[in-house]
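Listed below are the residues making up each chain.
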Amino acid sequence: MTPEKVALTTTSPAPKPRSNGKADNALAAELTRLLGPKKVLSNLSERLNYRYDAIQFGATPLAVVLPESTADVVTAVRAARAAGVPVVGRGAASGLSGGAAPTSPGLVISFTRMTRLDIFPERREARAQAGVVTLAVTEKAKPHGLIYPPDPASFRTSTIGGNLGENAGGPLCFKYGVSGDYVKGLEFVDADGGVHELTRDAYDLAGLLIGSEGTLGLITEATLRLTPPPKYTRTLMASFPEVGACAEAVSAAIAAGAVPGKLEFMDQACTNAVEDFLAIGLPREAGAVLLVDTDGDDLGTVEEERALVEAACLNAGGTVRRAATDSESAALWQARRSVSPALGRIRPQRMNEDIVVPRSALPEVVREIRALGDASGLPLVQFGHIGDGNLHPNILFDPRRESPEAVHDLAHQIALVAIRHGGVLSGEHGIGTMKRAFMRDAVDPVTLGALRDVKRALDPTGTLNPGKILPDEDGTHAHP
Ligand SMILES: Cc1cc2nc3c(=O)[nH]c(=O)nc-3n(C[C@H](O)[C@H](O)[C@H](O)COP(=O)(O)OP(=O)(O)OC[C@H]3O[C@@H](n4cnc5c(N)ncnc54)[C@H](O)[C@@H]3O)c2cc1C
């Protein structure tokens, strides 16, 4: 995590400071009076645990509320408004852009007790409170022959509220879509404590809430679409002498008509980090490794698609290994799911970029980023959902060895590479505090103005998760 001293700046518009100098006690005391002691954390030792996400330290909250219902959320938001302090929604805090880390002392609403989950098999729907863990939806739907496809690698801990806050994706997103694609409707609490129940109709306000990182409203419940799982899946791993060949193979396979369920890429540094960790015989010498699942309900089509992918990989100069059994397939996907712990062995902290570029630009983008990493001297690995052009260049660092400023500068250069190639700053992790300094590079002033208008319309006092996504209007804030 980035150390606190360089972590965060206060935001605009800033919440009104309290004048009596006892804001924390007063807010916590008022919330305890309103909600009872079991739903409010007021001790410093408890509150300290709610100032960070997976990548960023922030300010220590004045109080933490653990709501059990939408009514509790309304009460908490109204109390924070009356106290003039900001409100930050928090799920499992597995976010990778600083979204759940407060930028100034205020109220954190942690949704982990809102875990009611109902499955409606006949409608192929689930109704989930915000704190439901992502994987729990599929686990509860499976006996009914249904699954919830959005599959961020963090799905054992991340929550539905956090997934919708970030519009999280995962390996299945190329064929099956991201979290927002599975939302049929949602309930949210606005900055005044008003409750709204939305469907995906005209103006699609629910769509606006999805991916807004808790800056426009707090999602309390959502109706999610479920689907039957594909009957058949086939897995293969291809290795390539260099990443350009890997990207070419992916483009050729898709152009030939294959729509793989999963398409994941790891560069050589990433493959070696995982092999050091798991020792499962990954090809250390390969410049790039591609993991592919083809899936569907018709075995012939699934195998046909696998053949198309294999042919594209071989034509591009790759070598192909088919998973012969389910357990071999599971081992290959274990490799991809182990990237995070494997990287954690190299350096304790990382800045996890999340750029998206046109697939055709991938070879050049990956090479340019590799060159930037080499020139910086910072450890850098690349992996990602290559089917969508979503790359995760990760800068690994230890603040005792590498300067956070150098890390930030490299992250900025990577963002500029993406923008130059017609890409965007974030595919699935959000902007948070981590990338808001880059928004001026990525978004033109007119569009940035429109985004500010949206924020003002839904949150005129700047109460909800201030200091995220939008850069300060006066341009004074530095990097996180
Ligand atoms: C090892 C690891 C692997 C990961 N892999 C992936 C991946 O494959 N794909 C991917 O997309 N992400 C991935 N992530 C990032 C992270 O898990 C996702 O962003 C996830 O959606 C965050 O969920 P959370 O419950 O932890 O949310 P938090 O981190 O608690 O919050 C995320 C954002 O949502 C807001 N928020 C939280 N709850 C609500 C709510 N109820 N209403 C409104 N806003 C809310 C927060 O304020 C914050 O801005 C990974 C993270 C880790 C640590």
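Up top is the structure these notes are about.
From a predicted model like this one, the values you see are computed outputs, not experimental measurements.

Novice: Sorry if this is basic, but what is going on with the site of the ligand here?
Specialist: In the neighbourhood of the ligand, 33 residues make up the surrounding shell, with Gly89, Gly91, Ser94, Ser154 and Thr159 lying closest. Alanine 153 has a polar backbone atom sitting 2.9 Å from an oxygen atom of the ligand. Isoleucine 219 places a polar main-chain atom, nitrogen or oxygen, 2.8 Å from a nitrogen atom of the ligand. Protein contact buries 93% of the 980 Å² of open area that the ligand shows by itself. For the shell around the ligand, the secondary structure elements donating two or more residues are β3 (87-90), α5 (160-166) and β9 (218-225). Among the elements that take part in the shell around the ligand, α5 stands out by supplying 5 residues, more than any other. The class makeup of the residues in the shell around the ligand is 11 nonpolar, 18 polar and 4 charged. Each of domain 1 (1-113 + 431-480) and domain 2 (125-225) gives at least three residues to the shell around the ligand.

Novice: So what exactly am I meant to see when it comes to the pattern of salt bridges here?
Specialist: Pairing is possible between side chains that carry opposite charge, provided their charged atoms lie close to one another. Applying the stated criterion to the full structure yields 29 salt bridges. With a closest N to O distance of 3.4 Å, glutamate 328 and arginine 321 form a salt bridge. Taking the shortest distance from any N to any O, the salt bridge between arginine 400 and aspartate 398 comes out at 2.8 Å. According to the relative accessible area criterion, arginine 400 is exposed, its value standing at 73%.

Novice: Mind showing me how you'd approach the packing of helix α13 (residues 362-376) against helix α14 (residues 404-420) here?
Specialist: Any two packed helices are characterised by how steeply their axes cross, that is the angle between the axes, and by the distance between the axes. Two numbers describe how α13 lies on α14: the axes approach to 10 Å, and their chain directions differ by 160°. One way to sum up the angle between α13 and α14 is to call them roughly antiparallel. In this structure, the crossing between α13 and α14 has a hand that is right-handed. Residue-level contacts link Val365, Glu368, Ile369, Leu372, Gly373 and Ser376 of α13 to Leu410, Gln413, Ile414, Val417 and Arg420 of α14. For the contact of α13 with α14, a count of residues per class yields 6 nonpolar, 3 polar and 2 charged.

Novice: In this structure, what is going on with helix α3 (residues 70-83)? I would like to understand it.
Specialist: Structurally, the α-helix is built with 3.6 residues per turn, so residues lying three or four positions apart point the same way. Taking 1.5 Å of rise per residue, 14 residues should cover 20 Å, and α3 covers 20 Å from first to last C-alpha, within 8% of that figure. If you check which residues of α3 are buried, you get Thr70, Asp72, Val73, Val74, Ala76, Val77, Ala79, Ala80 and Ala83. Looking one or two places after α3, you find glycine 84, whose phi comes out positive at around 70°.

Novice: How do you make sense of the pairing of strand β4 (residues 107-110) when you look at a structure like this?
Specialist: A regular strand places its side chains on the two faces of the sheet in alternate fashion. Neither face of β4 is open: one carries Leu107 and Ile109, the other Val108 and Ser110, and all of them are buried. As judged from the 3 bridges shared by strand β2 (residues 63-65) and β4, these two strands associate in the parallel manner. If you follow alanine 63 over to β4, its bridge partner there is leucine 107. Of the pairings in the sheet, the one linking β3 to β4 comprises 4 bridges and is parallel in character. If you follow valine 87 over to β4, its bridge partner there is leucine 107.

Novice: Just checking my understanding: could you explain the sheet that holds strand β1 (residues 40-41) for this structure?
Specialist: Two modes of strand pairing occur in sheets, parallel and antiparallel, and in both the strands are linked by backbone hydrogen bonds. Taken in spatial order, the 4 strands of this open sheet run β1-β2-β4-β3, and their pairing is mixed. Strand pairing shows two members of the sheet lacking a second neighbour, β1 and β3, which therefore form its edges. Packing against the sheet, α3 makes contact with β2, β3 and β4, and its axis sits at approximately 170° to β4.

Novice: Could you clarify how one ought to interpret the layout of surface pockets in this entry?
Specialist: One water molecule sets the probe size; rolling that probe over the atoms shows where empty space is left. Reported here for the second largest pocket is a volume of approximately 850 Å³. The set of elements that each furnish at least two residues to the lining of the second largest pocket consists of α7 (205-209), α15 (439-442) and α16 (445-458). Ranked by residue count, the leading element in the lining of the second largest pocket is α16, at 5 residues. Residue composition of the lining of the second largest pocket, by class: 18 nonpolar, 13 polar and 11 charged.

Novice: Whenever I open this one, helix α11 (residues 326-337) confuses me. Can you help?
Specialist: Taking 1.5 Å of rise per residue, 12 residues should cover 16 Å, and α11 covers 16 Å from first to last C-alpha, within 8% of that figure. Taken together, the buried positions of α11 are Ser329, Leu332, Trp333, Ala335 and Arg336. Angular distribution of buried residues about the axis of α11 spans 140°; they occupy a single face of the element.

Rules used throughout
- Numbers given for residues are sequential positions, taken from 1 along each chain in its written order.
- In keeping with the predicted nature of the model, local features appear solely for residues at pLDDT of at least 70, side-chain atom pairs appear and are counted solely at 80 or more, and the whole-chain, interface and lining totals rest on all residues.
- Here the side-chain values reflect all heavy atoms present in the structure, with hydrogen atoms and water set aside.
- For this purpose, a residue is taken to be near a molecule or strand whenever a single non-hydrogen atom of the residue falls within 4 Å of it.
- Any pair of nitrogen or oxygen atoms within 3.5 Å is treated as a polar contact; in protein, a donor-acceptor pairing is required on top of that, and neighbouring residues in sequence qualify only through side-chain atoms on both sides.
- Surface accessibility in these figures is a Shrake-Rupley result with a 1.4 Å probe; residues are shielded only by whichever protein chains are displayed.
- Only DSSP runs of H or I reaching four residues or more are called helices, and only runs of E reaching two or more are called strands; each is numbered from the N terminus.
- Each residue receives one of three labels: charged for Asp, Glu, Lys and Arg, nonpolar for Ala, Val, Leu, Ile, Met, Phe, Trp, Tyr, Cys and Pro, and polar for the others, Gly being one of them.
- Note that the domain bounds reflect an automated or database-derived domain assignment.
- Here, a salt bridge means any Lys or Arg side-chain nitrogen found within 4 Å of an Asp or Glu carboxyl oxygen.
- Any residue under 20% of the maximum accessible area for its type is buried, any over 50% is exposed, and the rest in between are partly exposed; the area is computed with a 1.4 Å probe on protein chains only.
- Structural elements are reduced to axes, namely lines fitted to C-alpha atoms, with helices fitted over the stretch in contact, and the angle between N-to-C directions of any two is expressed from 0 to 180 degrees.
- Should an angle fall under 35 degrees it is called roughly parallel, over 145 degrees roughly antiparallel, and 65 to 115 degrees roughly perpendicular, with every other angle called oblique.
- Definitions for this section: a left-handed crossing has its near helix turned counterclockwise from the far helix by less than a right angle. A right-handed crossing has that turn clockwise.
- Should any heavy atoms of two residues lie within 4.5 Å, those residues are counted as being in contact.
- In this analysis, the expected span of each helix is defined as 1.5 Å times one less than the number of residues it contains.
- Here the rule is simple: two strands pair whenever DSSP picks up at least two bridges between them.
- Buriedness of a pocket was judged along seven lines, with at least five required to meet protein on both sides within 12 Å; pockets are open sets of points on a 1 Å grid over the protein atoms alone, cavities are sets where a 1.4 Å probe fits but cannot get out, and lining residues have an atom within 4 Å of a point.
- Grid points are joined across faces, edges and corners, and a volume is the space filled by probe spheres set on the points.
- Note: the arc covers the axis-to-C-beta directions of the helix.

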